[in-house]
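Single-letter residue listing:
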Amino acid sequence: MPDTRRRQLLAAASAAVLAPLPLIGRAETYPDKPVRLVVGYAPGTAPDVLARLLATRLGELLKQQVVVDNRAGAGGQIAAQNVAKSPADGYSLLLGEVGSIAIAPAAFSKLPYDPARELVGVSEVGKVDFLLAVPMKSPHQTVADFARAYKGKPDKVNFGTFGAGTSGHFGAEMFGEAAGFSVEPIHYRATGDALTGLLAGDVAGAFVSTALGVAQIKGGKLRALATTAPVRSTLLPEVPTFAEVGFPRIDFSAWFAVLAPTGAPSVILDLLNRQTVAAVQAPDSRSRIVEAGFSASGTSRADTERMLKAEAQRWAAIVKATGFKGD
């Protein structure tokens, strides 16, 4: 055999030995290193609490550490982009939520990631409803009081939000439209800042998640006028639903789901789905999730994908109706 041909064969053999294993081969030993669960909010926030509850039990089931990676900012978009651009090997997961996955594509024309193309659903984890909360010094005791005070007035009503394009932002817009007043959204950069502004009375009100607001309400620092849930919250049974007080169209929640980069091997996604569902539906996990202000779910991959598509369509219609443009 000529030397040149021999050298070519040896080089090809060496390349084959040194080449990384295909992902499907690695799936047989998955996970053999810590798994990253990225959440788009700061430590101590409601999404972070849910992420840590999930990570603890999921790590036990996978027999591997699941590390919560907080990538706060831009209403969860920084976290979503981070995972969307990560290797599709099952080691980078996103605790995605309605804002960054369903609302942002309709609200921002220059989004640096495409949830529909770059992320795939693993399982829905849970949902959280919202409360129309006002400062304790507010004169408004009911939704009717609030609506009556501002209906038909020329001045816009300041509403605090936890970021432009979030569900709470559009909740305020929907309420203003239904009640007959214009909203001036005050977009805070951080959850803590928004809560501080609301407590101080810098804004007339805000749509706050039950998970975040329940302690402030029970502690007498905020007043809840209504919940966006279809039924009253077991944590705050005295708070009526918007449907009960004459605003049936204000019915929305924030859902949270585990997503992975598109292209991850099905065998890994199937394993992650089974273990995520088991983690969420375990009795002790479920009770902790509920105590934190969320409802616990756990869905198949197919049902998760259907939910993601339906929510994208639903929120696209809501965003279009408000005329909001994020860029």
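Remember, predicted model here, so these are calculated numbers, not experimental data.

Conventions and cut-offs
- Residues numbered from 1 in each chain as written.
- Predicted model: local features only at pLDDT ≥ 70, side-chain atom pairs only at ≥ 80, totals over all residues.
- Heavy atoms only, no water.
- Core = buried A, V, L, I, M, F, W, Y, C linked by side-chain atoms within 4.5 Å.
- Buried < 20%, exposed > 50% of the residue type's maximum accessible area, 1.4 Å probe, protein only.
- Helix = DSSP H or I, 4+ residues; strand = E, 2+ residues; numbered from the N terminus.
- Contact = heavy atoms within 4.5 Å.
- Pairing = 2+ DSSP bridges.
- Right-handed = clockwise from strand over helix to strand, strands pointing away.
- Phe/Tyr/Trp six-rings, centres within 6.5 Å; stacked < 30°, edge-to-face > 60°.
- Lys NZ or Arg CZ within 6 Å of the ring centre and 35° of its normal.
- Axes fitted to C-alpha atoms, helices over the stretch in contact; angles between N-to-C directions.
- Parallel < 35°, antiparallel > 145°, perpendicular 65-115°, else oblique.
- Left-handed = near helix turned anticlockwise from the far one by under 90°.
- Nonpolar A, V, L, I, M, F, W, Y, C, P; charged D, E, K, R; others polar.
- 1 Å grid on protein atoms, 1.4 Å probe; cavity = no way out; pocket = protein on both sides within 12 Å on 5 of 7 lines; lining within 4 Å.
- Points joined across faces, edges and corners; volume = space filled by probe spheres on them.
- Salt bridge = Lys/Arg side-chain N within 4 Å of Asp/Glu carboxyl O.
- Lys, Arg positive; Asp, Glu negative; His and termini not counted.
- Polar contact = N/O pair within 3.5 Å; in protein donor to acceptor, adjacent residues only side chain to side chain.

### Points about the nonpolar core
Right, so step 1: One finds Leu-95, Phe-159, Phe-175 and Phe-207 to be the most contacted residues of the largest nonpolar core, which totals 85 residues.
Right, so step 2: For this core, the leading source of residues is strand β4 (residues 119–135), giving eight residues.
Right, so step 3: Dropping the residues within four chain positions of it, Phe-175 is found in contact with Leu-132, Val-143, Phe-146, Phe-159, Phe-181, Phe-207, Phe-242, Phe-247 and Ile-250.
Right, so step 4: Of all hydrophobic cores here, the second largest spans 17 residues; its members include Ala-133, Leu-198, Ala-224 and Val-239.

### Quick word on the pairing of strand β1 (residues 35–39)
Right, so step 1: Counting buried positions along β1 gives five out of five residues, so the element sits mostly inside the fold.
Right, so step 2: Residue alternation in β1 divides its side chains into two sets, Val-35, Leu-37 and Val-39 and Arg-36 and Val-38, and both sets are buried.
Right, so step 3: For β1 and strand β2 (residues 66–70), the ladder comprises five bridges, and the chain directions are parallel. Looking at β2, one finds that Val-35 is bridged to Val-66.
Right, so step 4: In terms of handedness, the path from β1 via helix α3 (residues 46–62) over to β2 forms a crossover that is right-handed.
Right, so step 5: Relative to strand β3 (residues 92–97), β1 is paired through three bridges, and the arrangement is parallel. Counterpart to Leu-37 in the pairing with β3 is Leu-93.

### A word on the packing of aromatic side chains
Right, so step 1: Inspection of the entire model under this criterion finds 22 aromatic pairs.
Right, so step 2: Between Phe-159 and Phe-207, the aromatic rings sit 6.2 Å apart at their centres with planes inclined by 20°, giving stacked as the arrangement. In this pair, Phe-159 is assigned in strand β5 (residues 157–161) and Phe-207 in strand β7 (residues 205–209), connecting sequence segments 48 residues apart.
Right, so step 3: The interplanar angle of 80° and the centroid separation of 5.7 Å between the aromatic rings of Phe-256 and Phe-294 together place this pair among those described as edge-to-face. On the criterion of sequence distance, the pair formed by Phe-256 in strand β9 (residues 253–261) and Phe-294 in the loop between α12 (283–291) and β10 (295–296) is long-range, its members being 38 residues apart. Phe-294 matches Phe-256 in its accessibility class, with the two residues each being buried.
Right, so step 4: Lying over the aromatic face of Tyr-91, Lys-33 brings its terminal NZ or CZ to 4.7 Å of the ring centre.

### Some points on the packing of helix α8 (residues 167–179) against helix α13 (residues 301–322)
Right, so step 1: Relative to each other, α8 and α13 sit at 55°, their axes nearing to 11 Å. Classed by the angle they form, the pair α8 and α13 counts as oblique. Here α8 runs over α13; the crossing is left-handed. Contact residues: α8 offers Ser-167, Phe-170, Glu-173 and Met-174, while α13 offers Trp-315, Ile-318, Val-319 and Thr-322.
Right, so step 2: In terms of residue class, the contact of α8 with α13 is built from five nonpolar, two polar and one charged.

### Examining empty space enclosed by the protein
Right, so step 1: Within the structure shown, the criterion is met by three cavities of 30 Å³ or more.
Right, so step 2: In this structure, the largest cavity occupies an estimated 290 Å³ of space.
Right, so step 3: Of all elements in the fold, only α3, α5 (98–107), β4, α8, β7 and β9 reach the threshold of two or more residues within the lining of the largest cavity.
Right, so step 4: Counted by class, the lining of the largest cavity contains 12 nonpolar, seven polar and one charged residues.

### Side note on the pattern of salt bridges
Right, so step 1: Considering all chains together, one arrives at 11 salt bridges under this definition.
Right, so step 2: Measuring nitrogen to oxygen at the nearest pair gives 2.8 Å for the salt bridge that ties Asp-145 to Arg-148. One end of the pair, Asp-145, and the other, Arg-148, are both in helix α7 (residues 143–150), three residues apart, so they sit about a helical turn from each other.
Right, so step 3: When its relative accessible area of 57% is taken as the criterion, Arg-148 is described as exposed.
Right, so step 4: A salt bridge links Arg-306 to Asp-303; the nearest nitrogen and oxygen atoms lie 2.4 Å apart. Of this pair, Arg-306 and Asp-303 both sit in helix α13, three residues apart, roughly one helical turn.
Right, so step 5: Given a relative accessible area of 52%, Arg-306 falls into the exposed group.
Right, so step 6: Assessed through its relative accessible area of 38%, Asp-303 is described here as partly exposed.
Right, so step 7: Salt bridges here are not isolated pairs; linked through shared partners, they connect Arg-36, Asp-69 and Arg-71.

### Quick look at the side chain of Glu-97
Right, so step 1: As for its position among the elements, Glu-97 is in strand β3.
Right, so step 2: Here Glu-97 sits buried without a salt bridge, and the closest side chain of opposite charge, Arg-314, lies 12 Å off (N-O distance).
Right, so step 3: Reaching out from Glu-97, the side chain makes a polar contact with the side chain of Ser-100 at a distance of 2.6 Å.

### A closer look at unusual backbone geometry
Right, so step 1: Cis geometry is found at the peptide bond from Tyr-30 to Pro-31, where omega equals -10°.
Right, so step 2: Mapped onto the elements, Pro-31 comes out in the loop between α2 (23–26) and β1.
Right, so step 3: One non-glycine residue, Lys-63, lies in the positive phi region at around 55°.
Right, so step 4: One can find Lys-63 in the loop between α3 and β2.
Right, so step 5: What makes Lys-63 exposed here is its relative accessible area of 73%.
Right, so step 6: Backbone geometry at Ala-74 places phi at a positive 55°, although glycine is not the residue there.
Right, so step 7: Note that Ala-74 resides in the loop between β2 and α4 (77–84).

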